[in-house]
Amino acid sequence: MKTILRPLIWLLALSAGSSAWAAQSNEPAMSLEQAVNQVQHETGGKVLSAQTVRRGRSSFEHRVKVLTPTGHVRVVTVTTEAAKGPASGDSTKNPSSDGGSNKEKH
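Reading guide: rules and limits
Residues numbered from 1 in each chain as written. Predicted model: local features only at pLDDT ≥ 70, side-chain atom pairs only at ≥ 80, totals over all residues. Heavy atoms only, no water. Helix = DSSP H or I, 4+ residues; strand = E, 2+ residues; numbered from the N terminus. Buried < 20%, exposed > 50% of the residue type's maximum accessible area, 1.4 Å probe, protein only. Contact = heavy atoms within 4.5 Å. Patch = residues over 30% accessible without salt bridge, like charges linked within 9 Å, V, L, I, M, F, W, Y side chains within 5 Å. Areas by Shrake-Rupley, 256 points an atom, 1.4 Å probe, with all protein chains shown as cover. Salt bridge = Lys/Arg side-chain N within 4 Å of Asp/Glu carboxyl O. Core = buried A, V, L, I, M, F, W, Y, C linked by side-chain atoms within 4.5 Å. Pairing = 2+ DSSP bridges. Axes fitted to C-alpha atoms, helices over the stretch in contact; angles between N-to-C directions.

Draft legend 1. Focus on the overall build of the chain. In terms of helices and strands, the chain carries two helices and three strands. Burial status across the chain gives 17% buried among its 106 residues. Considering only contacts in the chain between residues 6 or more positions apart, those separated by 24 or more positions represent 37%.

Take a look at the structure:
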């Protein structure tokens, strides 16, 4: 019986871990292309390079290197939140048992 349960437990653990990873791998709400266009419009410069970096669980940062019209190279950072996935019916916030406020009672 143990030999049957052990692989099943591993399978469940792996599937739980992969679904947690998938929940964290949302794409940025603003694409890199949108960030590049925004920076190019704001600075009037020529974009030299651009990259996206994850900054925590739900935040991304687009770094755009620009050659300004005055000849200076600047790195402009555009921070964006992760795009929201499909809404889940289950909330992880502190649900109120009496339907009232969610404040904790001490």
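Draft legend 2. Highlighting a nonpolar patch on the surface. On the surface, L48, L67 and V73 cluster together into a nonpolar patch covering about 240 Å² of accessible area. Inspection of the secondary structure assignment puts L48 in strand β1 (residues 46-54).

Draft legend 3. Quick peek at the nonpolar core. Counting residues in hydrophobic clusters, the biggest one holds seven residues: A35, V36, V39, V64, V66, V76 and V78. The set of elements that each furnish at least two residues to this core consists of α2 (32-43), β2 (59-67) and β3 (73-81). Ignoring any residue separated from it by four or fewer positions in sequence, one finds V64 in contact with A35, V36, V39, V47, S49, A50, R74, V75 and V76.

Draft legend 4. Fine view of the sheet that holds β3. The three strands lie next to each other as β1-β2-β3, forming an open sheet whose pairing is antiparallel. Where the open sheet ends on each side, the last strands, each with one partner, are β1 and β3. When the angles between neighbouring strand axes are averaged without regard to direction, this sheet yields 20°. Of the strand pairs in this sheet, β2 and β3 are connected by nine bridges, and their pairing is antiparallel.

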